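Read off the chains here:
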Amino acid sequence: IAKLFTSKELTRFAEKEAVVWEKKDTKPFNELIVSLNALRPTAGDLLVWVSVKHSGSWSTWHRLMEWGAEGQRTFTNRLNRFVHTNHCSIRMMRGAIGRGFRVKVTGKDGASLENVKAIFACMSHLNKFRFKMPHVNDLASVAVQNVPRQSQMVLRHPRHTDFCSPVSTSMITAYFYQKLYGTLPADLMSTYAIDFAGKVHDQGYLDIYGNWILNVAQAFDAVNGEVFFRVERLDNFYDLHYYLSKKIPVAVSVRRLRGGATPYASGHFLVVVGWNRQKRRVICLDPAFRSNRSVLKA
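This structure is a prediction, so every number in the text was calculated from the model and none was measured.

Enquirer: Can you help me understand the overall build of the chain in this one?
Expert: Counting secondary structure elements, the chain contains five helices and 17 strands. For the chain, the spread of C-alpha atoms along the three principal axes comes to 50 × 45 × 35 Å. Here the chain, with 298 residues, has 50% of them falling under the buried criterion. Sequence-distant contacts in the chain: of pairs separated by 6 or more residues, those separated by 24 or more amount to 66%.

Okay, here's the thing in structure tokens:
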């Protein structure tokens, strides 16, 4: 679900020094993933806080993310017995079930709340998830064309092997930037990908580049707020095919994948750009291959 803010709402929230989105009654969930769509502040920081309703009462506010002019980081909070914040998601513990949530954004050191444009929330009941095999013969072939290709392995950066998330996301933002403005956002895609990675580096103790909430926030900023981005758990392959049919490439988290550069036992990020009905095969841009030419796997 989503909340898109109007200018009038943001002006009213600015007077109260906090943007607040509250959903008092939701479907039951034990995982909550929040996505922030905001322009990066030119000064100060935006802070994202989350509270969950369970057993009829609200948890305390948990700090989730700091997004600022000089950097970004995420946080954990395991002080509550039933609600744990883990950098990019909120998990219910000890069998507790969430039935509502609140997201709050505050500013410090001059960060403007008018930079906040939308908040997305993905609620899941993980215990009830069941894999459903799609009837793939029902799905037409589809391909998203002209998505820039970039291998993380050729980037001149000491941490390039950790860049699957920012490189995948930057390929998508470059695709939309090109559609919006008729040109790529940088002279070299490699330069753009490295810059993007620097802007999603989790500068807390986690020290990673793959944090979902940071990649989404930077994606929105990278296209000047012209395209919305979010994290969601898809119910089935039909949902993914729907996005592809709308010419929307999708970054996906995979594990134990056949046909990749490695089996990805520890997980990996890549971009799905199509479906080939005849071959019964997903078309991907996999940044782990060792050349830009070999990134496309069809």
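Enquirer: What am I meant to see in the layout of surface pockets here?
Expert: To find leftover empty space, a probe the size of one water molecule is rolled over the atoms. The computed volume of the second largest pocket comes to approximately 150 Å³. A143, V144, Q145, N146, V147, R149, V273, I283, L285 and L296 are the residues that line the second largest pocket. In terms of residue class, the lining of the second largest pocket is made up of seven nonpolar, two polar and one charged.

Enquirer: Any chance you could explain unusual backbone geometry here in plain terms?
Expert: Trans peptide bonds make up most of the peptide bonds, and negative phi angles are found at most residues other than glycine. With phi around 55°, S55 is a residue other than glycine that occupies positive phi space. Along the chain, S55 falls in the loop between strand 4 (45–54) and strand 5 (57–58). Overall, the relative accessible area of 72% leaves S55 in the exposed class. In this structure, K247 is a non-glycine residue whose phi angle is positive, near 65°.

Enquirer: What should I look at first to understand the nonpolar core in this one?
Expert: Among soluble globular proteins, nonpolar side chains are generally buried collectively. Of all hydrophobic cores here, the largest spans 81 residues; its most connected members are L32, M65, V105 and F229. A total of seven residues in this core trace back to one element, the largest contributor, which is helix 4 (residues 212–222).

Enquirer: Can you walk me through the environment of T11 in this structure?
Expert: Within the secondary structure, T11 is located in helix 1 (residues 7–16). With a relative accessible area of 39%, T11 lands in the partly exposed category. The spatial distance from the C-alpha of T11 to the C-alpha of R149 is 40 Å, given a sequence separation of 138 residues.

Enquirer: Whenever I open this one, the pairing of strand 16 (residues 281–285) confuses me. Can you help?
Expert: The two faces of the sheet receive side chains in turn, since in a regular strand these alternate between them. Across five bridges, the pairing between strand 15 (residues 268–276) and strand 16 is antiparallel. By the bridge assignment for strand 16, W275 is matched with V282. The turn joining strand 15 and strand 16, which pair antiparallel and follow one another in sequence, is formed by four residues; a positive phi near 55° is taken by R280.

Enquirer: For this particular structure, what's the right way to read the pattern of salt bridges?
Expert: As a working rule, side chains carrying opposite charge can pair if their charged atoms are close by. Counted by the stated rule, this structure contains eleven salt bridges. Between K53 and D25 there is a salt bridge, with its nearest N and O atoms 3.3 Å apart. Here K53 is found in strand 4, whereas its partner D25 is found in the loop between strand 2 (19–23) and strand 3 (31–38), with 28 residues between them in sequence. Residue K53 is classed as buried on the basis of its relative accessible area of 15%. Connected through shared salt-bridge partners, E31, R91 and R233 make up one network.

Enquirer: Mind showing me how you'd approach helix 3 (residues 189–198) here?
Expert: M189, Y192, A193, F196 and A197 are the residues of helix 3 that are buried. Projected onto a plane normal to the axis of helix 3, the buried residues spread over an arc of 135° and lie on a single side. At its buried positions, helix 3 is contacted by helix 2 (164–181) and helix 4.

Enquirer: Help me understand the packing of aromatic side chains in this model?
Expert: For any pair of aromatic rings, the description rests on two quantities: the centre-to-centre distance and the angle between the ring planes. By the definition in use, this model includes eleven aromatic pairs. When the centroid spacing of 6.1 Å and the interplanar angle of 85° are considered together, the rings of F176 and F229 count as edge-to-face. Of the two residues, F176 sits in helix 2 while F229 sits in the loop between helix 4 and helix 5 (237–245), which places them 53 residues apart along the sequence. For the pair formed by F176 and F229, the shared burial category is buried.

Enquirer: Could you clarify how one ought to interpret the sheet that holds strand 1 (residues 2–4) in this entry?
Expert: Strand pairing in a sheet takes place through backbone hydrogen bonds and is either antiparallel or parallel in direction. Spatially, six strands are ordered 1-12-3-10-9-8 in an open sheet, and the strand pairing comes out antiparallel. The open sheet terminates on both sides in strands that have one partner only, identified here as strand 1 and strand 8 (76–77). Here helix 4 sits on the sheet and contacts strand 3 and strand 12 (116–124); the angle it forms with strand 3, its principal contact strand, is near 25°.

Quick notes on the rules
- Residues numbered from 1 in each chain as written.
- Predicted model: local features only at pLDDT ≥ 70, side-chain atom pairs only at ≥ 80, totals over all residues.
- Heavy atoms only, no water.
- Helix = DSSP H or I, 4+ residues; strand = E, 2+ residues; numbered from the N terminus.
- Buried < 20%, exposed > 50% of the residue type's maximum accessible area, 1.4 Å probe, protein only.
- Contact = heavy atoms within 4.5 Å.
- 1 Å grid on protein atoms, 1.4 Å probe; cavity = no way out; pocket = protein on both sides within 12 Å on 5 of 7 lines; lining within 4 Å.
- Points joined across faces, edges and corners; volume = space filled by probe spheres on them.
- Nonpolar A, V, L, I, M, F, W, Y, C, P; charged D, E, K, R; others polar.
- Core = buried A, V, L, I, M, F, W, Y, C linked by side-chain atoms within 4.5 Å.
- Pairing = 2+ DSSP bridges.
- Salt bridge = Lys/Arg side-chain N within 4 Å of Asp/Glu carboxyl O.
- Arc of directions from axis to C-beta.
- Phe/Tyr/Trp six-rings, centres within 6.5 Å; stacked < 30°, edge-to-face > 60°.
- Axes fitted to C-alpha atoms, helices over the stretch in contact; angles between N-to-C directions.

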